[in-house]
Amino acid sequence: MNIYITGLGCISAIGNTVAQNRESLRSQKHGLQYAKYLDSRYAHEKYFGEIPYSNEDLLKKLSITPHTELTRTDILAHIAFAESISQAQLSAQEISDTNTAFISASTVGGMCHTQELYNDANCIGSPSPYIDSYNCSSHTLHIAQQYAMRGITNTINTACSSSANAILYGMRLLQTKRATRVIAGGVDSLAKFTVNGFNSLQIISNEPCKPFDQQRNGLNLGEAAAYIVMETETTCKTKPRLAVLSGAGNASDAFHSSALSEEATGVVQCTEQALQQAGLLPHQIDYINAHGTATDNNDGVEYKGFLQLFTNIPPFSSTKSYTGHTLGAAGALEAVYSVLAIMNQELYPTLHTTNPMHSSLLQKYTTQQITHVLSNSYGFSGNCTSLLFSKA
Amino acid sequence: MFITEIQAISPQNTYTNKGINPIVVHNGNRYYAIEPNYSGIISPNQLRRMGKSLRMGIGAAMPIVTKHSDIQGIILGSADGGLEDCIKFLNQIVLYNEGTLSPTGFVQSTPNAAAGNIASMTKNSSHNCTHVHGGHAFENALLDAFLLAETQQVEKILVGNIDEISDFNYSIEMQGNWFKTEETNNTTLLESNTPGTVCGESACMFLLQSHALHYYAQICDIDVFSFPESNEVEQRFHAFLQKNAITTQSISRVYLGYNGDSRYDFQYKKIETLCSYASNIHTFKNLVGEHPTSIAFAVYLASLELHNLPSTNIPCYTLIYNQYKNNQHTFILLRGKNSA
């Protein structure tokens, strides 16, 4: 069964729409800078992939009237969701159909409102308007209610591979005919909570990140929402087919809560599964959108995985050098970029890297024939996922 | 799929799998779990650093995963993960004005830490996923197991739930008017006829197998839906039975998620009325308290009940109906081992 991508939606530090994101990628314009809206003492010490709008300005971009007070996470999810269903031309009736599933992902949920959460959890002052919205699933339920969705809904949290697993789950719902149409992706917004969490692990860089550089020195945190619409032959009919989701693999590294194993167990296994499902051999991969967080551990182990998987490593890059690491949204955002690469037969280079670990690391924008793209996502607690997109 | 192993840590004496009688009495708004002695299951060094949700989850899973080295998936559902650790870390951020912090609370509080720990403790690199969809977190873990078994021809999968009572989620939910303001206990909770419920916690683990000769129960089907319109619960009930080719006469046992909240218990009444042929109508939140993944405890009890039934040739079906805050609704259909 072919799974077709018929709609894309995203908002990140490099654009409010898919078209703006693509333009930034083409022109190699990154969005990493000091944060303006993040409430943290690190806002002007570290670089962030912040979406450069206040919550009030973001709310103005919504075409719907929300039922409740929305968190920043909710708003970002709404924006990307609306774009994806609009491109896929889904009617209100189709979205409400019991066979339409909505699978989202988040790691921070409404905890981006850290101060309000602190007050509410410690019973300081009167309850904030976000009292029901801290959970990771709140944005999913807000959207499901807003669009009167009656099919399966879900929220996944496997840390930084969350939304890649949302896409994998959506794919399997289609394959087993539990849904005929799936909107899948994820969202995370910048939060004092995660900034301090990653900072306590000492893996945040003080400069724009340098993925796969021999002198890489850590990641930048970012925020984003991204969704893709997936359909099968029966529902997509004459719609433009942007790409095919041809394979997906999920494996645990089974090693450590905050580091990948030197053996690259999970990294290798999830890619092998994706290749096997797609019926492809490693040499058929034209481009890898790597996880590439620019931490010493991630890029080192991911590269070791490439060496085990590929005789000749295909061109690869990390678009986190544009957006920062958008955590639970990263897998879906990079799925959107992978589909854009296929649709436009173009590849987006890694920025800021001066001493690449390998010559296949893309450092300039190129156009070439692209049929199969591998997109990797790895999360804390060893959650490794690979997605494989192919030309429709 | 077939449930072939069960293990639960809950506010009742469930760890030995010998049934829940006599019932452990709980008073007030918090039904805390009775935790087993974890020595021999988790090393003292690891245990010291683990929050309650993590140790309950691992403690419930280990007896199963150590017995079955060929598990091909570890799938958990948890609405909140280690919320106690999470807010402790948050409080440190505020208290020390974002100073130097230990990462342990941050790393261990994420909901996927339990499934990750189970994988690393048993060196199991198979499919690993954590679902956090509130009142549908456990249901999606079950569905994930079905998807994995059907698309990847997988035989054995660990599926479970974890949710803990933390002071912080209690405070947040209390301000959201989710818990009772007056005193109740196990026996008076469901008749209280006042708004709000009580807070509970559990970690229930199941080994699901695609094929099995000996098992507790077969999970026939799951239906999940959100924000139903006025008649939709009854409509979904009838459609669910029709899809599984059974009638109300075939349902002999029902588990209903009554939680004593006068605002939403009417939904259970509807299903209770429709299941008039059932010989046993069970409740479970008077035993385990309310929490987003409490339905896992109903699956545990129903499995145990079906397992202990004498053999007959009449198919024996158990229906579980639960809803969380009247937003997320679920039907689960189980079939007993002695069915024709």
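Predicted model, so just to flag it, every value in this text is computed and none were measured. (Residues numbered from 1 in each chain as written. Chains lettered and ligands numbered in written order. Predicted model: local features only at pLDDT ≥ 70, side-chain atom pairs only at ≥ 80, totals over all residues.)

Remarks on the overall build of chain B
Then comes step 1: A tally of helices and strands in chain B yields 11 helices and 12 strands.
Then comes step 2: For 340 residues, the compact-globule formula gives about 20 Å, and the C-alpha radius of gyration of chain B, at 20 Å, lands near that figure.
Then comes step 3: The C-alpha extent of chain B, read off along each of the three principal axes, is 65 × 50 × 40 Å.
Then comes step 4: When the 340 residues of chain B are sorted by exposure, 56% land in the buried category.
Then comes step 5: When contacts within chain B are restricted to residue pairs at least 6 apart in sequence, those whose partners lie at least 24 apart make up 77%. (Helix = DSSP H or I, 4+ residues; strand = E, 2+ residues; numbered from the N terminus. Rg over C-alpha atoms; globule rule 2.2 N^0.38 Å. Buried ≥ 20, exposed ≤ 12 C-beta atoms within 10 Å, placed from the backbone. Contact = placed C-beta atoms within 7 Å.)

Here we look at the overall build of chain A
Then comes step 1: Counting its secondary structure elements, chain A contains 13 helices and 14 strands.
Then comes step 2: Compactness check: chain A gives a C-alpha radius of gyration of 19 Å against a globular reference of 21 Å for 392 residues, within 12% of the reference.
Then comes step 3: Taking the principal axes of the C-alpha coordinates as reference, chain A spans close to 60 × 50 × 40 Å.
Then comes step 4: Across the 392 residues in chain A, those meeting the buried criterion constitute 66%.
Then comes step 5: Restricting the contact set of chain A to residue pairs at least 6 apart, pairs at least 24 apart contribute 79%.

Here we look at the pairing of strand β3 (residues 100-105) of chain A
All names here are of chain A.
Then comes step 1: When you tally the buried positions in β3, you get 6 out of 6 residues, the bulk of the element.
Then comes step 2: Of the two faces of β3, the one carrying Thr 100, Phe 102 and Ser 104 and the one carrying Ala 101, Ile 103 and Ala 105 are both buried.
Then comes step 3: Pairing geometry for β3 and strand β5 (residues 181-188), over 4 bridges, is parallel. What sits directly across from Ile 103, in β5, is Ala 184.
Then comes step 4: One ladder, built from 4 bridges, connects β3 with strand β4 (residues 153-156); its direction is parallel. Each bridged residue has a counterpart across the sheet, and for Phe 102 the counterpart in β4 is Thr 153. (Pairing = 2+ DSSP bridges.)

Description of the domain arrangement of chain A
Residues and elements named next belong to chain A.
Then comes step 1: Splitting chain A by domain gives domain 1 (4-236) and domain 2 (246-390).
Then comes step 2: In this structure, domain 1 and domain 2 have C-alpha centres spaced 20 Å apart.
Then comes step 3: The interface is formed by 62 residues belonging to domain 1 together with 53 residues belonging to domain 2.
Then comes step 4: Elements that contribute at least two residues to the side of domain 1 that touches domain 2 include exactly β1 (4-11), α1 (18-26), β2 (48-49), α7 (162-175), β5, β6 (221-222) and β7 (224-231).
Then comes step 5: Here the side of domain 1 that touches domain 2 gets 8 residues from one element, more than from any other, and that element is α7.
Then comes step 6: When its residues are assigned to classes, the side of domain 1 that touches domain 2 shows 32 nonpolar, 23 polar and 7 charged. (Domains from an automatic or database assignment. Nonpolar A, V, L, I, M, F, W, Y, C, P; charged D, E, K, R; others polar.)

Quick notes on the environment of Glu 233 of chain A
Then comes step 1: For Glu 233 of chain A, the location among the structural elements is in helix α9 (residues 233-236).
Then comes step 2: Along the backbone, Glu 233 of chain A and Met 1 of chain A are 232 residues apart, and their C-alpha atoms lie at a distance of 8.2 Å.

A look at the interface of chain A and chain B
Then comes step 1: Each partner contributes to the interface: chain A provides 61 residues, whereas chain B provides 50 residues.
Then comes step 2: Breaking the side of chain A that touches chain B down by element, the ones donating at least two residues are α5 (114-121), α6 (138-146), β4, α7, α8 (192-200), β8 (243-252) and α10 (265-278) of chain A.
Then comes step 3: Here the residues of the side of chain A that touches chain B are counted per class, giving 23 nonpolar, 31 polar and 7 charged.

Re the domain arrangement of chain B
By a widely used convention, the size of an interface equals the accessible area lost when the partners come together.
Residues and elements named next belong to chain B.
Then comes step 1: For chain B, the assigned domains are domain 1 (2-209) and domain 2 (218-336).
Then comes step 2: Relative placement of domain 1 and domain 2: their C-alpha centres are 22 Å apart.
Then comes step 3: Counting residues at the interface gives 44 residues for domain 1 and 33 residues for domain 2.
Then comes step 4: Mapped onto the side of domain 1 that touches domain 2, the elements with two or more residues apiece are β1 (2-9), α6 (137-152), β5 (156-163), β6 (199-200) and β7 (202-209).
Then comes step 5: Taken together, the residues of the side of domain 1 that touches domain 2 sort by class into 20 nonpolar, 21 polar and 3 charged.

Thoughts on the nonpolar core
Then comes step 1: Membership of the largest hydrophobic core comes to 235 residues, with the highest contact counts inside it found for Ile 167, Ala 225, Ile 228, Met 230 and Val 336 of chain A together with Ala 145 and Leu 158 of chain B.
Then comes step 2: Look past the residues within four positions of Ala 145 of chain B in its chain and what remains in contact with it is Met 1, Gly 73, Ile 75, Ile 157, Val 159 and Leu 208 of chain B. (Core = buried A, V, L, I, M, F, W, Y, C linked by C-beta atoms within 7 Å.)

What about the packing of α10 of chain A against helix α11 (residues 296-309) of chain A?
Residue and element names in this part refer to chain A.
Then comes step 1: At a closest axis distance of 8 Å, the pairing of α10 and α11 adopts a crossing angle of 50°. Comparing the axis directions of α10 and α11 gives the class oblique. Note on packing geometry: the crossing formed by α10 with α11 is right-handed. Where α10 approaches α11, its residues Val 267, Val 268 and Thr 271 are matched on the opposing element by Val 301, Glu 302, Gly 305, Gln 308 and Leu 309. (Axes fitted to C-alpha atoms, helices over the stretch in contact; angles between N-to-C directions. Parallel < 35°, antiparallel > 145°, perpendicular 65-115°, else oblique. Left-handed = near helix turned anticlockwise from the far one by under 90°.)

Regarding unusual backbone geometry
Residue and element names in this part refer to chain B.
Then comes step 1: Cis rather than trans, the peptide bond between Asn 21 and Pro 22 has omega equal to -5°.
Then comes step 2: As for its placement among the helices and strands, Pro 22 is situated in the loop between β1 and β2 (30-31).
Then comes step 3: At Phe 227, a residue that is not glycine, the phi angle is positive and equals roughly 45°.
Then comes step 4: Classification of Phe 227 as partly exposed rests on a count of 17 C-beta atoms within 10 Å.

Here we look at helix α3 (residues 72-87) of chain A
Then comes step 1: For α3 of chain A, which comprises 16 residues, the first-to-last C-alpha distance of 23 Å matches the rise-based estimate of 22 Å (1.5 Å per residue) to within 8%.
Then comes step 2: Along α3 of chain A, 14 of the 16 residues are buried, which leaves the element largely enclosed by surrounding structure. (Expected span 1.5 Å × (residues − 1).)

Comments concerning α1 of chain A
All names here are of chain A.
Then comes step 1: Of the residues making up α1, those classed as buried are Val 18, Asn 21, Arg 22, Ser 24 and Leu 25. For α1, the arc enclosing every buried residue in end-on projection is 160°, short of the 170-degree limit, so these residues lie on one face.
Then comes step 2: Considering only its buried residues, α1 is in contact with β1, α3, α12 (320-323) and α13 (330-344).
Then comes step 3: Count one or two residues on from α1 and you reach Gln 28, which has phi positive near 55°. (Arc of directions from axis to C-beta.)

Remarks on the environment of Ala 101 of chain A
Residues and elements named next belong to chain A.
Then comes step 1: Along the chain, the position of Ala 101 falls in strand β3.
Then comes step 2: On the basis of neighbour counts, which here come to 23 C-beta atoms within 10 Å, the residue Ala 101 falls in the buried class.
Then comes step 3: Setting aside anything within four residues of it in sequence, one finds Ala 101 in contact with Gly 151, Ile 152, Thr 153, Gly 170, Leu 173, Ala 179 and Val 182.

Examining the environment of Gln 93 of chain A
Residue and element names in this part refer to chain A.
Then comes step 1: Within the secondary structure, Gln 93 is located in helix α4 (residues 92-96).
Then comes step 2: Exposure remark for Gln 93: the 9 C-beta atoms within 10 Å place this residue in the exposed category.
Then comes step 3: In this structure, the C-alpha to C-alpha distance between Gln 93 and Ile 103, residues 10 residues apart in sequence, is 18 Å.

Considerations on the pairing of strand β3 (residues 73-77) of chain B
All names here are of chain B.
Then comes step 1: When you tally the buried positions in β3, you get 5 out of 5 residues, the bulk of the element.
Then comes step 2: Alternating positions in β3 separate into two faces, Gly 73, Ile 75 and Gly 77 on one and Ile 74 and Leu 76 on the other, with burial throughout.
Then comes step 3: Where β3 and strand β4 (residues 127-131) come together, 5 bridges link them in parallel fashion. Counted as the bridge partner of Gly 73 is His 127 from β4.
Then comes step 4: With 4 bridges connecting them, β3 and β5 associate as parallel partners.

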